[in-house]
Amino acid sequence: MANPSMTHSFRDSPVLRPSGLIVLALVAALVAIMTMTGSRITLSLFAQAAIISIMALSVGFLARTADLISFGHAAPFGLGAYGTALIFRHGIPAELGILLVLLAVFALFFVMGLVVGKLNGIAFSMLTLALGQFFFVAVSKLRAITSGADGMNVSVPSSLFGLPGRTFQTPDGMLVIASVVLAALVIAIYLFEATRTGRLAMGVRENEERVLFLGYRTKLLKAAVLATSATIAGVSGVLFALYQGFVSPEIMHWSFSGNALIMAILGGSLAVWGPVAGALVFFFLREWLSDLTEHWHSVLGAILIAVTVAWPGGVTALAKVVRARLTGRKQGEAGK
Amino acid sequence: MTTPLLELKGVNAFYGSAHVLQGVDLTVLPGERVAVVGRNGVGKTTIVNTLLAIAAMRGGSVHMRGEPLPKLAGHTAAAHGIAVVPQGRMILPNLSIEENLKLGAALRRPGEWTLDRVYSLFPILAERRHTPGTALSGGQQQMLAIGRALMGNPDLMILDEPSEGLAPVIVDEMEKLLRDLAETGVAILLIEQHLRLVLDLAERFYVLSKGRVAETGLMKDVDRESLQARIMH
C-alpha cells in the first residue's frame, strides 16, 4: 500500500528554519520596543496596520493557494465586525459568540465555494464582487438590525479571552494582540503548506483537472480554502470592531476589498508573508501621502503602477533579488 | 468466459452538441494490452474523456468488471481502478517528483505499487526525487506520469499518445516498460498514432473512424502496412 505522507514535513517549513525563527524573534522584539517607546499615534497606526495586514493575508492566502482573486473579501471582514457588534449588543457570551461568528463565516463561504466551485478567473472575481456588494447593501438597509448607515457602537465586555476588555481598545494592547494573531496565522499558513493537504492545494492551483482525475474531490478542497480565507478576513473584522468600537457599512464597500487586493498584489505571492508586507507598505504610504497632499490618491496610484511594473512579483520578488545579491547568488536562482 | 475489466456498450458521447462517439463498443480484458488507433479527430481521446466525464455520455453504458458505472465524474475513474496517463503528461510542474508521485496515491487502493517500487522501476526519478517537475526532460516527465498513475494501484492504465514528442530510443524503452507492466497484471489501453509502438505492444486493436469502431482484430493478424491501410480506409 502506498505511503501517502508527503516529503514535506513541518521541519521543512521555511517558518521553522533558523532564518524564519530569527525573523519572528526580530518582529516580536520590534513590537515590544514599540509598545515601550512609541507615541500613542504611532502605536495606533501600527495597530491598525496589523489588523489590515490580517485582511490582506486572507486575500493573499486565497490567491496563493487556489489562484482565486477575490474582489469581495470586505464581506467576511464586515461579517466578522458586525457579528461581534451584534453578539455584544444581545448579551451573548463574548468568546462563544465570536467563535460562532467565525464558524458562521466559514460555513457560509464553504457553501459558497461548493456552489461556485467550477468558477475561476474573472468569473469568480465578479461573483465575489457581487456578493460583497450584496452584503454592503444588506447592512445598509437592515436598519432594525444593523442601524443602517448610522453604524453600530461595539460595547466591548469588561473581560475577553482572559484579558481586560480595555486592552483591546488601547493602541499598545491591540498592537500586541493583532501582532500575535497575525504571526500565528502566518505560521499556520506556512505549516499548512507543508502538509499533504497543502501540497494537494498547490497541485490544484497548478492543474485542477489533473488532480481531479487522480481521484481527489477538488471542489471540496477549493471550498475549504475559500472558507478558511474568509474566516481569516473575519478574524481581521473581529479585531477591527474590538479596536475601533464602531462599525459602519463602509467597511463592507467594494473599495475596501479592492484595497486589500492591492495590498496582496503589492506584497506578491512568492512568500506567505508577502501580503503582510504589501499591507504595511500600502498603509504607511497612504498615511504619509495623505499628510503631504489632498491628491494623495493620484500619487499613490502612480507609485503603485511604477512598483508593479518594476517588480511584478511585488515586495517578495524584490526581497528575493536583494537576498540573492547579498548572498552572491545569480538572480535566476533567487526564486528557487 | 472472462468478464471484461472495462466494457463500453454503444457509447454515444458529445462535446456540447457535437456528437463525437457514435455507438462505440470496446472491451479490455484483465491484464490485456489493447490499442485504439485512427486518424486525428476520429474520437480516440474522447473515449478517455468520456470515462473522465469531460465529454458527456448520452447513450450507451460503461461497465467495470461486469458492473455498470451509473454516474461518471472526474474523480470516480480512479476509484474504479482506472489510471489515465494523459496526452501531454500533465505533471504538476512546481511540485517535486516525489510530491507528484505521492499525489497519485489519492485513494490508497490496496496493491503492490509503492513509492519504492516505482523508484525501482524508474531509478532516475529516485535520483531526482526532490527536483521540481519543470526540470525534467520529456521522457522523464512521461516516466513520472506513468509512475504517478501506478501509485494509484490501477487495474487498467489508459495511455493517451504516450510517445508524443519523445525520441525513438525513449519510445523503445517505454514499450519495454509497458510490456513489463502488463506482465504484472495491469491491463493497458493504448491510444496511439505511433504504429510501431502499437504493433510491438498491443494484443488487440480497434480502428476508430468518424466516431465509430470501423474494425477490430488481433494484432498478430496484421502487419504495419495492413494496419495503416485500415486506418486510412
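Up top you'll find the structure we're talking about.
Each value, and the rule that gives it
- Residues numbered from 1 in each chain as written.
- Chains lettered and ligands numbered in written order.
- Predicted model: local features only at pLDDT ≥ 70, side-chain atom pairs only at ≥ 80, totals over all residues.
- Heavy atoms only, no water.
- Axes fitted to C-alpha atoms, helices over the stretch in contact; angles between N-to-C directions.
- Helix = DSSP H or I, 4+ residues; strand = E, 2+ residues; numbered from the N terminus.
- Left-handed = near helix turned anticlockwise from the far one by under 90°.
- Contact = heavy atoms within 4.5 Å.
- Nonpolar A, V, L, I, M, F, W, Y, C, P; charged D, E, K, R; others polar.
- Core = buried A, V, L, I, M, F, W, Y, C linked by side-chain atoms within 4.5 Å.
- Buried < 20%, exposed > 50% of the residue type's maximum accessible area, 1.4 Å probe, protein only.
- Pairing = 2+ DSSP bridges.
- Buried area = accessible area lost by both parts, 1.4 Å probe.
- Salt bridge = Lys/Arg side-chain N within 4 Å of Asp/Glu carboxyl O.

(A) Up close: the packing of helix H10 (residues 254-267) of chain A against helix H11 (residues 274-292) of chain A. All names here are of chain A. Where H10 contacts H11, the two axes come as close as 6 Å, and the packing angle between them is 115°. Between H10 and H11 lies a crossing of right-handed hand. Along the contact surface, H10 presents Asn259, Ile262, Met263, Ala264, Leu266 and Gly267, while H11 presents Gly274, Pro275, Gly278, Ala279, Val281, Phe282 and Arg286. Its residues placed into classes, the contact of H10 with H11 shows eight nonpolar, four polar and one charged.

(B) Local environment of the nonpolar core. Of all hydrophobic cores here, the largest spans 83 residues; its most connected members are Phe88, Met174 and Val247 of chain A. Listed in part, the 45 residues of the second largest apolar core include Phe122, Ile146, Val171 and Leu190 of chain B.

(C) Quick peek at the sheet that holds strand E8 (residues 156-160) of chain B. Residues and elements named next belong to chain B. Pairing is mixed in the open sheet, where six strands are placed in the order E7-E8-E9-E3-E10-E11. On the outer flanks of this sheet lie strand E7 (82-85) and strand E11 (212-218), each paired with one strand and no other. The mean angle between the axes of side-by-side strands here comes to 20°, regardless of whether they run parallel or antiparallel. The pairing of strand E3 (residues 33-37) with strand E10 (residues 204-209) spans four bridges and is parallel. Its bridge partner lying in E10, alanine 35 is registered against phenylalanine 205. In this fold helix H9 (residues 224-232) packs onto E3, E10 and E11, with an angle of close to 30° to the strand it touches most, E10.

(D) Expanded view of the interface of chain B and chain A. Contacts between the two partners involve 28 residues from chain B, matched on the other side by 24 residues from chain A. Across the interface of chain B and chain A, roughly 2,500 Å² is buried in total on both sides, 61% from carbon and sulfur atoms. Put simply, chain B and chain A have one salt bridge between them. Between glutamate 99 of chain B and arginine 199 of chain A there is a salt bridge, and its shortest N-O distance comes to 2.9 Å.

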